[in-house]
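Inside the fold
Residue strings, one per chain:
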Amino acid sequence: IHFYKRVANFIEVFAVISHKMKRLRVLSNIYQATVTPSKKLVTPQTVTSGYAGLHQDAAVKRIPEMTPSSQTLPPPPQTPLGDSHNIGAMVGEIHNHLVNPDQDLQEMSTYYFDGQGKAVRPALTLIMAGAVNAHLKVQSPSILALQRQIALICEMWHTSSLLHDDVIDHAETRRGKMSVNCRWNASRSIYAGDFILGISAKLLAQTGNPDVVMCMSQILSDLVNGEFQQMASRSDQEDRFQLYLDKTFNKTASLMAYSCKSVAILASEGTGDKNITDMAYRYGQNIGIAFQLVDDWLDFVSSADQLGKPSGADLSLGLATAPVLFASQQFPQLNQLILRQFSQPGDVETAFQLVCSSRGLEETKELATKYSEQAMESIKEMKDSKDKQELAQLAERLINRIK
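Right, let's walk through the structure included here. (Residues numbered from 1 in each chain as written. Predicted model: local features only at pLDDT ≥ 70, side-chain atom pairs only at ≥ 80, totals over all residues. Heavy atoms only, no water.)

**Describing the environment of Asp-236**
Mapping Asp-236 onto the fold places it in the loop between α9 (210-231) and α10 (237-268). Overall, the relative accessible area of 38% leaves Asp-236 in the partly exposed class. (Helix = DSSP H or I, 4+ residues; strand = E, 2+ residues; numbered from the N terminus. Buried < 20%, exposed > 50% of the residue type's maximum accessible area, 1.4 Å probe, protein only.)

**What about the packing of helix α17 (residues 360-378) against helix α18 (residues 386-400)?**
Across the interface, α17 lies against α18 with an axial gap of 10 Å and an inter-helix angle of 175°. Relative to α18, α17 is oriented roughly antiparallel. For the pair α17 and α18, the contacting residues are Lys-365, Ala-368, Thr-369, Ser-372 and Met-376 in the first and Leu-391, Ala-392, Ala-395 and Ile-399 in the second. Across the contact of α17 with α18, the residue classes tally to six nonpolar, two polar and one charged. (Axes fitted to C-alpha atoms, helices over the stretch in contact; angles between N-to-C directions. Parallel < 35°, antiparallel > 145°, perpendicular 65-115°, else oblique. Contact = heavy atoms within 4.5 Å. Nonpolar A, V, L, I, M, F, W, Y, C, P; charged D, E, K, R; others polar.)

**Quick notes on the environment of Ser-160**
Relative to the helices and strands, Ser-160 resides in helix α6 (residues 141-168). According to the relative accessible area criterion, Ser-160 is buried, its value standing at 2%. Sequence-wise, Ser-160 and Gly-198 are 38 residues apart; in three dimensions their C-alpha atoms are separated by 9.7 Å. When near neighbours in sequence (up to four residues on either side) are disregarded, Ser-160 contacts Gly-193, Ile-196 and Leu-197.

**Some remarks on the nonpolar core**
Core analysis: the biggest nonpolar cluster contains 100 residues, and Met-128 and Tyr-283 have the highest contact counts within it. Looking at this core element by element, the count peaks at 15 residues for α10. Other than its neighbours up to four places away in sequence, Tyr-283 contacts Leu-124, Met-128, Ala-375, Met-376, Ser-378, Ile-379, Leu-391, Leu-394 and Ala-395. (Core = buried A, V, L, I, M, F, W, Y, C linked by side-chain atoms within 4.5 Å.)

**With respect to unusual backbone geometry**
Peptide bonds are trans in most cases, and residues, glycine excluded, mostly fall at negative phi. Positioned with a positive phi, Asn-86 is a non-glycine residue whose angle comes to about 55°. Tracing the backbone through its elements, the reader meets Asn-86 in the loop between α2 (44-49) and α3 (88-97). Judged by its relative accessible area of 45%, Asn-86 is partly exposed.

**Quick look at the packing of aromatic side chains**
Here the structure, examined in full by the defined rule, presents six aromatic pairs. Judged by centre distance (5.3 Å) and plane angle (90°), the rings of Tyr-111 and Trp-184 are edge-to-face. Residue Tyr-111 is found in the loop between α4 (103-110) and α5 (120-136), and its partner Trp-184 is found in the loop between α7 (180-183) and α8 (186-205); the two are separated by 73 residues along the sequence. For Tyr-111, a relative accessible area of 11% gives the class buried. When its relative accessible area of 19% is taken as the criterion, Trp-184 is described as buried. The structure contains a cluster of three or more aromatic residues connected by ring pairs, namely Tyr-111, Tyr-112 and Trp-184. (Phe/Tyr/Trp six-rings, centres within 6.5 Å; stacked < 30°, edge-to-face > 60°.)

**A look at the side chain of Arg-401**
The topology assignment puts Arg-401 in the segment after α18. A polar side-chain atom of Arg-401 sits 3.3 Å from the main-chain carbonyl oxygen of Leu-398. In this view, Arg-401 contacts Lys-118, Phe-291, Val-294, Asp-295, Trp-297 and Leu-298; residues no more than four positions away in its chain are not counted. (Polar contact = N/O pair within 3.5 Å; in protein donor to acceptor, adjacent residues only side chain to side chain.)

**Focus on empty space enclosed by the protein**
Within this structure, the stated rule accounts for two cavities of 30 Å³ or more. Around the largest cavity, the lining is made up of 15 residues, and of these Gln-230, Ala-232, Ser-233, Leu-243 and Ala-320 lie nearest the centre. Every element with two or more residues in the lining of the largest cavity is listed here: α9 and α10. Broken down by class, the residue content of the lining of the largest cavity amounts to seven nonpolar, five polar and three charged. Quantified by volume, the second largest cavity comes out at close to 30 Å³. Taken together, Gln-237, Arg-240, Phe-241, Leu-325, Ser-328 and Gln-329 make up the lining of the second largest cavity. Where the lining of the second largest cavity is concerned, the elements lending two or more residues are α10 and α14 (322-330). (1 Å grid on protein atoms, 1.4 Å probe; cavity = no way out; pocket = protein on both sides within 12 Å on 5 of 7 lines; lining within 4 Å. Points joined across faces, edges and corners; volume = space filled by probe spheres on them.)

As structure tokens, this is what we get:
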């Protein structure tokens, strides 16, 4: 609850900052229009119109409608994810931003930034930035620097949410080591998460781009909505699956979608090319949903050592993910367990066995593959480049990962 209140406060602050930045930009454009009348005047309406109701894309379709494509994905690369964009150096950059006179706070806030995570989100953001830049022939060092800053913010927001999630879920491990809330305590974990969020908010403001501020701020709003959707339940199977997909977008895919869109906004500023920002957004949206579907599949098929957290953890938290929802179509007795959130003795074990005996795991993997294919379909009009190839490789790797 404390986390949600803080996130709400951050969103309000971003709204005020964004409003002031837009006013400054409008005044600047009015001046420019007076000096050079041929330039198009940017109004508050044109700035905001592209974002009106955009978060409603959370209501994604259960199975994407695909157009036949002969495109085949290449085999996954052997190099680390996003290696060409120097992802490894990002850990040190984040540590530098989190320097604090209070040694405990600094240690807690940097604890999960140890280079052991998958770094999928910042890698995706930078690879998309490279692909968009190649498409638009952008080479400006200042734009590249701002795009890298978006990748930093993306990873910091994700990690700050982990610090709060571990408190809510009473998690004891994270990424194969003791969680912050166990090594220190719950209160300190929450404040460390707030500190990371606060520093990343400063980094976002430094971009000086109100469109990017609005775009990235939507992630925080979606995150809170997703948490409340996760606590909700539905008796109707179709409604239940749609709620699951909406929650998946808000909690996972939104961060990827809007981070991709933000780097595209930075690259396309002044070009008027909205197609490229839509392509970036759709890729992030679909790959984010595919990523979470695989994550939910792994919760049943991977060992605790591989996951870095207990297997079957979602069931223990009362959560019905895609494998369970698919399995309930084959084993209707799961519906009662879902509605009571696996709260009675033996519920978790029974549900786990039924899921493993059903086609739920197979159907989950198939759905993830469809979303991955849809992600590639969304960028088919993007010009060929090394980074576009990496986006194809990323889609393949996320589907075939084992942790």
